[in-house]
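The primary structure of each chain is shown beneath.
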Amino acid sequence: MTLQTRTLGTDSPLDVSALGLGCMGMSEFYGTPDEAGGIATIHRALDLGVTFLDTADMYGPFTNERLVGKAIAESSQGRDGVVLATKFGNERGEDGSYLGVNGRPDYVRSACDASLQRLGVDHIDLYYQHRVDKTVPIEETVGAMKELVEAGKVRHLGLSEAGPDTIRRAHAVHPITALQTEYSLFTRDLESEILPVLRELGIGLVPYSPLGRGILTGTITRGSLSDDDSRNSRFPRLNGAALDANLVLVERVKEIAAEKGATPGQLALAWVLAQGDGHVGVAPIPGTKRVAYLEENLGAADVELTTGDLARIADAVPADAVVGDRYGDMSTVEA
């Protein structure tokens, strides 16, 4: 297993491990939270060369940042061995209630201070606006984020699920190092309009859900998700007739993966890793709370794909072939 690094951004570059670790599921959404398993997974990831950890204040809510901060503090690598990314903007109450998207400058500042305290660190390496607040000009939100950079609380800025115009306007206020958005063989919407903007501006791409919420691992079948797994209700692609249709596509991925001596998940991750170029560094952040799945995911770094392989994979899962929206409510995602 050889884990290389990728550079996100050109105007404000940040070096990260080619594969990061999404920590959300350790605290919420994908079944029962598991702090001990999550911390063990983070420690194993750091031991294997993963330097890029992703969290957000809303996960838990608030508990995931504490978990990640605890794991870093207890790791042999310490704070200097980690590129730490977190997010603000999806505001939640202590009781877990959803309060809406908030991009007001005063909230940006208070959210950052709260995240620093929960994480137990003095700076955040990459700070994302989690969702765009359509009631606040992006210039005002990023202006407040820029102040955090100037104050030394944040090193690099990012956006999540932002559209082309928002990305351009934000980048004009302060260099945007990375865009985090869903990207996988099952979600390729960004290829037509967003990727060209990232290439033009030299902004890195951090794909979340690069395994299509797990379906590309080949382990999801009808009825396989536990009752407390939010994927049952949040993601139309994983339910009913849509799931049946999408599992046909997964079978095609399995066939190619077997020929390459890889698991379907490793093949899917290798495909995402191969989408970077000289203008856009791509560093996916597959999430897991299990060491075994982490180690399988990292095996994708050793899967070599030829130009012919990439074309065949793309043909096996055409961009418009997946059935169902990626969220039940797409209203907070910019086109």
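Below is a short write-up of the structure. (Residues numbered from 1 in each chain as written. Predicted model: local features only at pLDDT ≥ 70, side-chain atom pairs only at ≥ 80, totals over all residues. Heavy atoms only, no water.)

1. Here's the deal with the overall build of the chain
Secondary structure assignment for the chain yields 11 helices and 11 strands. Taking 20 Å as the expected radius of gyration for a compact globule of 335 residues, we find that the chain reaches 19 Å, a close match to that expectation. Its C-alpha atoms give the chain principal-axis dimensions of about 50 × 40 × 40 Å. Residues counted as buried form 57% of the 335 residues belonging to the chain. Residue pairs in contact within the chain that sit at least 24 positions apart in sequence constitute 75% of those at least 6 positions apart. Total accessible area on the chain is roughly 13100 Å²; 49% of this is exposed by carbon and sulfur atoms. Within the chain, one finds 31 positive and 48 negative side-chain charges whose respective centroids are separated by 1 Å. (Helix = DSSP H or I, 4+ residues; strand = E, 2+ residues; numbered from the N terminus. Rg over C-alpha atoms; globule rule 2.2 N^0.38 Å. Buried < 20%, exposed > 50% of the residue type's maximum accessible area, 1.4 Å probe, protein only. Contact = heavy atoms within 4.5 Å. Areas by Shrake-Rupley, 256 points an atom, 1.4 Å probe, with all protein chains shown as cover. Lys, Arg positive; Asp, Glu negative; His and termini not counted. Charge placed at Lys NZ, Arg CZ, Asp CG, Glu CD.)

2. A short note on the environment of Asn239
You can see Asn239 is positioned in the loop between α7 (231-234) and α8 (240-260). Of the residues examined, Asn239 reaches a relative accessible area of 26% and is grouped as partly exposed. Taking the C-alpha atoms as reference, Asn239 lies 28 Å from Gln275; in sequence the two are 36 residues apart.

3. Points about the pairing of strand β1 (residues 5-8)
Judged from the 4 bridges that link them, β1 and strand β2 (residues 14-17) form a sheet pairing that is antiparallel. Bridge assignment links Thr7 to a residue of β2, and that residue is Asp15. (Pairing = 2+ DSSP bridges.)

4. So, helix α9 (residues 264-273)
Counted residue by residue, α9 has 10 buried out of 10 residues, so it is predominantly covered. For α9, the complete set of buried residues consists of Pro264, Gly265, Gln266, Leu267, Ala268, Leu269, Ala270, Trp271, Val272 and Leu273. Those residues of α9 hidden inside the fold are in contact with β1, α6 (190-201), β11 (204-208), α8, α10 (291-298) and α11 (307-316).

5. Topic: the environment of Ser160
With respect to the helices, strands and loops of the structure, Ser160 is situated in strand β9 (residues 154-160). Sequence separation between Ser160 and Thr5 is 155 residues, and the spatial gap between their C-alpha atoms is 21 Å. Apart from the residues lying within four places of it in its own chain, the contact partners of Ser160 are Gln129, His130, Arg131, Leu179 and Gln180.

6. Let's talk about the sheet that holds strand β10 (residues 176-182)
Within a beta sheet, neighbouring strands are joined by backbone hydrogen bonds and run either parallel or antiparallel to one another. An order of β3-β4-β5-β8-β9-β10-β11 is seen for the 7 strands of this open sheet, with the pairing classed as parallel. With one partner strand each, in any of the chains shown, β3 (21-22) and β11 form the two edges of the open sheet. By the bridge criterion, 5 bridges tie strand β8 (residues 124-129) to β9 in an arrangement that is parallel. Bridge pairing in β9 places Ile124 opposite Val154.

7. Things to note about the pairing of β9
Across the 7 residues that make up β9, a large majority, 6, are buried. Note on the crossover from β8 through helix α4 (residues 138-150) to β9: the handedness is right-handed. Note that β9 and β10 share 4 bridges and pair parallel. Considered in β10, the bridge of Ser160 is made with Gln180. With respect to chirality, the unit in which β9 leads through helix α5 (residues 164-173) into the neighbouring parallel β10 is right-handed. (Right-handed = clockwise from strand over helix to strand, strands pointing away.)

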